[in-house]
Each structure stands twice: as structure tokens, then as C-alpha cells.
There are 2 protein chains.
Amino acid sequence: MVRYKAIIAYDGTNFHGFQKQPNGRTVQEELEKTLKKMANGQTIPVFGSGRTDSGVHAVGQVIHFDYPQERPLERMRFALDTQSPEDIAVKEVELVPEDFHARYMVHEKTYQFRVDIGKPRSPFRRHYASYYPYPLDLKKIERALPDLLGTHDFTSFCAAGSSIEDKTRTIYEATMQVNDAGDELLFTFRGNGFLYKMIRILVGTLLKIGNGRIPEDAIPEIIAKKDRNLAGPTAHPEGLYLYEVKYE
Amino acid sequence: MVRYKAIIAYDGTNFHGFQKQPNGRTVQEELEKTLKKMANGQTIPVFGSGRTDSGVHAVGQVIHFDYPQERPLERMRFALDTQSPEDIAVKEVELVPEDFHARYMVHEKTYQFRVDIGKPRSPFRRHYASYYPYPLDLKKIERALPDLLGTHDFTSFCAAGSSIEDKTRTIYEATMQVNDAGDELLFTFRGNGFLYKMIRILVGTLLKIGNGRIPEDAIPEIIAKKDRNLAGPTAHPEGLYLYEVKYE
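Residues numbered from 1 in each chain as written. Chains lettered and ligands numbered in written order. Predicted model: local features only at pLDDT ≥ 70, side-chain atom pairs only at ≥ 80, totals over all residues. Heavy atoms only, no water.

Asker: Explanation requested: the side chain of Gln28(A) in the structure shown.
Answerer: Residues and elements named next belong to chain A. The residue Gln-28 is located in helix α1 (residues 27-38) in this model. One polar contact links the side chain of Gln-28 to the main-chain amide nitrogen of Lys-20, over a distance of 2.8 Å. Among residues more than four places away in sequence, those in contact with Gln-28 are Phe-18, Gln-19, Lys-20 and Val-46. (Helix = DSSP H or I, 4+ residues; strand = E, 2+ residues; numbered from the N terminus. Polar contact = N/O pair within 3.5 Å; in protein donor to acceptor, adjacent residues only side chain to side chain. Contact = heavy atoms within 4.5 Å.)

This is the structure:
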């Protein structure tokens, strides 16, 4: 057996998330189906860097799997890519040591979040950006973003019911760009890890700040209080992209 | 009755084209359903600047319709937009003289065509750009594009079976841009009108020129011979956008 790491992209629109589940089509399941075909019926488990929720996209999700024999990398990539459904793309494949693990060795993750602020909502972005039709003062969002940087207990930005105990994470980068047409925001968050629905709650909070319904200097206090009710709503999944996963 | 002109956008993926037909969902039918709701059950016919085929998109399709009473423009736009399905957007509404006609008074049309030339094909563009995985010499395409300009009989670039007799059209603009990432081509064609499937055959021919299978100086001869068989294949519909319609 040889271990392969692959970087994949997927359009999350028609998936019930990454992780296999009893009901609903998932990315993991489709990749395992592809590998089973390629390996003449042998079952090959796929491990991802983490889950993504229903409707969430990936530009750079990372997986690993063990394959019965070594194959030339480009041939492996091409077979995986073309034999998978068209809403999954396999961008890169490499051989990794047998102790590599796509989930446990994650060093850094980057997510992006797109918000359509045009009027009317673009029909071409309806599955690829969340829509925000209310007035926004982007300066307020820019003022608030640096308050997210650093190491904090992000309990206030974690969906209720999460079983993870330690909610301390470090955010290295939190930025917002506006596209040339002025009708789309692109948020980028880079950190050592993110809690369940954390990016979507961060974006929901930042939009409320831009809309003036949460003060622009409120983030340190929201973090300090460790109370999910103080943060904004969870932004819709269709704007979220797992952009990059880095390993040590 | 007052006549309204509207500029609409639609994602053509889930439509069997613009024009009403016995089987399959169409843009015209959906807009007429919306207007019927708005006008308390009254039937209001919608006229478009022209058809678009199944899977073809519009950024700036123009329609007109007669409405029983005058309404404030933004309220009209908002109602039409929000009461139509989410793959149709209503961008602008204006009042026009009662002799305005969206189809018969067209002065100029602009189409765009997107080609994904990345490897692998982007899952996010699979419905929004045609895919071309073969080698391309873009210089050859740039060399060929100006040969399309001017007034010509475009019989060679018209789908067989078209009932239109006069196949003379004037092309004012024919350009190609490459995006920053270098993985997508954007063709723009502006002219006084285009024949059935003409843009898709033009793009299919230009890609064959870029791939070296049609000489880069062949376009004048292809035009002169008036033979559809000399041009390239019809490019797939998902890359095509009706971009703008201008009136006198």
C-alpha cells in the first residue's frame, strides 16, 4: 500500500457536506466510489482535513488514502478527476509518508466567504455567495476585523452543541476585499483551526457590524463574554469556501 | 395599458431556453407567470429581444410587456424580481412608448462566451463556461479574430436548417481576453445581429484555429465559400451569455 495526498475542489451545492452519512450524497462517499472502481472493487477509505457542511464549497480541501499500488502521479490525478462526478475536481496528487494524516496534522486552514451585495441578487452567484441586501458601512467592518486576530477562546462564535472542549484558536489573518464592480465582498480567514460554524458566525457578526446593529468595537467584549447569543446570526453556507489547508 | 421595458439576467442552466414551448421550463413562461400573479390573474404577454437556447445565459436580455396600470419603477422592478424564480433577476425597468418593441427595434447585440481552459475543469464553472482541454496557441486566435469584422454573408457560421434567407450580418467587435489566472478565455462579439447558433460556431472555429486544426488565416475563405462544413463545431451552450441589447 502507498499513501496518497490529494488536493480537491468541489461545488458543495448538491452535496450534503463532505462527510459520509446514511442519507444524502457526500463528497467522501463519491470519492470512495471512484477509488473502488479504480481499484477493481477494493474498498479504499478516504480521510479529509475536516468536514464541510451541506452547501459549503472547497477550492483546496485535502484528503489522503492508501492505494494498493503506486501509479504515476498525473495518471492517478487524471483517473481520480475524470472518474469522479463533475462537481468534484482533483487538482493535485502526491505521494506522502505512511504516517501522514490529512486531519490530525493540519497546521493552518484558510477559508473564504463571498457575499453578494448587489441589487438584484445575481442569478449566477445564488449558489456561490451569500446574499446581503441591507445597507453596509464597509469602514465599520474594516475597523472590526483586526479585533479577531490572535489567540482567543472563541466560544461566542461556536455553534451551540459542539462537543469540542477547548475553544481556543488563533486567527492569523482576517481581511475583506471588495470586487471591482463593487457588488461582492470576499472575506478571508486564516488560522490554526476553526470551530463548528465559526466562519459563518464571524461573517454574520461582521455584516451586523457593517449594518450598524452591532457596535464596530464590540468584538473584544463578545469574545470575552463567551456567549453565543452576543454574536450575529450564522451566515448561509453557500458563501463559504475551504480555500487552503497547510501541513507542518 | 402602459408599456414597460426591462433588462433581465438569467442563469440558463435549468431553462429550456428563453422562448415558451410545450415541454420544459422557459424564461418567458416564468416571467408571464410572475406578471399574472402581479396583475391579479390577467394574462400579460412578454416579448424578448430574441431567443436564447437551452443552457444559454443572459446578463442583459431585454423584454417588453404591457401592464394595466403605471407603477413606480423601482416598485415594479422589485416585484418582478422578487416574485420571479431565483434564477431570473430583474435589473432595470423603464417606461417606453407604446410602439417600442424588444425584438423588432434591436440595433446592436453583444454576446460573450467563456471557455474554461484550466486543468482540471473547475467544478464552479461547469455550468458557466464551456471546457476546452486541448493545447491552444492564443496568438493564432488573436490573428484570426479581425477577419470576422465587417459585413459578410455568414452562411458558413449558421446552423443548418435555419429559415432566415438573408444571412448578411455586420460584426463591429470580436475580441478575446484571458483572465488573470490564465485559465479562462472571454470572447466578446458585438454586431447588428447574429444567426442561429452563430456565436457558438464562431467560438468552435476559433478554438480549432487555436488548436492548429484550422489555419489561422482561413476565416475569409470559410466566409466566402458559404459552407457550414468548413467552419468548426458548435461550442457548448453553457459558455454563452447574451450580454447587452441596444436600441435605436
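Asker: Help me understand empty space enclosed by the protein in this model?
Answerer: A probe matching the size of a water molecule, rolled over the atoms, marks out where space remains unfilled. All names here are of chain A. Going through the model one piece at a time under the given rule, you end up with one cavity of 30 Å³ or more. One number sums up the size of the largest cavity: a volume of about 30 Å³. For the lining of the largest cavity, the secondary-structure elements that each account for two or more residues are β1 (2-10) and β4 (88-96). Across the lining of the largest cavity, the residue classes break down as three nonpolar, no polar and three charged. (1 Å grid on protein atoms, 1.4 Å probe; cavity = no way out; pocket = protein on both sides within 12 Å on 5 of 7 lines; lining within 4 Å. Points joined across faces, edges and corners; volume = space filled by probe spheres on them. Nonpolar A, V, L, I, M, F, W, Y, C, P; charged D, E, K, R; others polar.)

Asker: How do you make sense of the UniProt feature "binding site: substrate" (unreviewed entry) in chain A when you look at a structure like this?
Answerer: Residues given the UniProt feature "binding site: substrate" (unreviewed entry) here are Tyr111(A). Owing to a relative accessible area of 10%, Tyr111(A) belongs among the buried residues under this scheme. (UniProt positions renumbered as here; feature names shortened; annotations may be inferred. Buried < 20%, exposed > 50% of the residue type's maximum accessible area, 1.4 Å probe, protein only.)

Asker: When you look at the packing of α1(A) against helix α2 (residues 73-83) of chain A in this model, what are you seeing that I'm missing?
Answerer: Between two packed helices, what matters for the description is the angle formed by their axes and the separation of those axes. All names here are of chain A. Interhelical geometry of α1 versus α2 gives an angle of 120° and a closest axis separation of 9 Å. Accordingly, the angle class assigned to the pair α1 and α2 is oblique. In the packing of α1 onto α2, the handedness of the crossing is right-handed. The segment α1 lies against α2, with Thr-34, Leu-35, Lys-37 and Met-38 engaging Met-76, Ala-79, Leu-80 and Gln-83. (Axes fitted to C-alpha atoms, helices over the stretch in contact; angles between N-to-C directions. Parallel < 35°, antiparallel > 145°, perpendicular 65-115°, else oblique. Left-handed = near helix turned anticlockwise from the far one by under 90°.)

Asker: Any chance you could explain the environment of Ala224(B) here in plain terms?
Answerer: All names here are of chain B. Tracing the chain through its elements places Ala-224 in helix α5 (residues 219-225). Given a relative accessible area of 58%, Ala-224 falls into the exposed group. In sequence terms Ala-224 and His-152 are 72 residues apart; their C-alpha atoms lie 8.6 Å from each other.

Asker: Honestly, the nonpolar core in this entry has me stumped. Any pointers?
Answerer: Among soluble globular proteins, nonpolar side chains are generally buried collectively. The biggest cluster of nonpolar side chains holds 68 residues, and the ones touching the most others in it are Phe65(B), Tyr67(B), Leu148(B), Phe187(B) and Phe189(B). Tallying contributions element by element places helix α4 (residues 198-210) of chain B first for this core, with eight residues. When residues of this core are sorted by domain, at least three fall in each of domain 1 (2-96) and domain 2 (106-247) of chain B. For Phe65(B), the residues in contact, after removing those within four places along its chain, are Val2(B), Arg3(B), Tyr4(B), Leu35(B), Ile44(B), Pro45(B), Val46(B), Met76(B) and Leu80(B). Counting residues in hydrophobic clusters, the runner-up holds 67 residues, among them Ile8(A), Leu80(A), Val96(A) and Ile201(A). (Core = buried A, V, L, I, M, F, W, Y, C linked by side-chain atoms within 4.5 Å. Domains from an automatic or database assignment.)

Asker: Looking at this structure, I do not really get the domain arrangement of chain A. What am I missing?
Answerer: Much of the literature gives interface size as the accessible area that the parts lose upon coming together. Residue and element names in this part refer to chain A. For chain A, the assigned domains are domain 1 (2-96) and domain 2 (109-247). Spacing between the C-alpha centres of domain 1 and domain 2 amounts to 28 Å. Counting residues at the interface gives 16 residues for domain 1 and 15 residues for domain 2. Of the roughly 1,200 Å² buried at the junction of domain 1 and domain 2 (both faces included), carbon and sulfur atoms supply 57%. Counting every contact that joins domain 1 to domain 2 gives one salt bridge. In this structure, Arg-200 and Asp-53 form a salt bridge, with 3.6 Å as the shortest nitrogen-oxygen distance. Connecting domain 1 to domain 2 are ten residue pairs in polar contact (both at pLDDT 80 or more). Element by element, the count of residues in the side of domain 1 that touches domain 2 is highest for strand β3 (residues 57-67), at six residues. (Buried area = accessible area lost by both parts, 1.4 Å probe. Salt bridge = Lys/Arg side-chain N within 4 Å of Asp/Glu carboxyl O.)

Asker: Which parts of the structure should I look at to understand the interface of chain B and chain A?
Answerer: Listed as interface residues are 25 residues of chain B and, on the opposing side, 25 residues of chain A. Interface area, chain B with chain A, both sides summed: about 1,700 Å², of which 64% is carbon and sulfur. On the chain B side of the interface with chain A, the three residues burying the most area are Pro120(B), Phe124(B) and Arg126(B), jointly 38% of the side's total. In this structure, the connection of chain B to chain A is made through four salt bridges.

Asker: Can you walk me through the packing of aromatic side chains in this structure?
Answerer: With the rule as written, the count across this model stands at 23 aromatic pairs over all chains. When the centroid spacing of 6.1 Å and the interplanar angle of 90° are considered together, the rings of Tyr128(A) and Phe124(B) count as edge-to-face. Separated into two different chains, Tyr128(A) in the loop between β5 (106-116) and β6 (130-131) and Phe124(B) in the loop between β5 (106-116) and β6 (130-131) make up a pair that spans both. The buried category is assigned to Phe124(B), whose relative accessible area is 18%. Relative to Tyr134(A), the ring of Tyr132(A) has its centre 5.3 Å away and its plane inclined at 85°; by these criteria the two rings are edge-to-face. Taking the relative accessible area as the measure of exposure, Tyr132(A) reaches 10% and is therefore buried. Judged by its relative accessible area of 49%, Tyr134(A) falls in the partly exposed class. Members of the aromatic cluster, connected to one another through ring pairs, are Phe124(A), Tyr128(A), Tyr241(A), Phe124(B), Tyr128(B) and Tyr241(B). (Phe/Tyr/Trp six-rings, centres within 6.5 Å; stacked < 30°, edge-to-face > 60°.)

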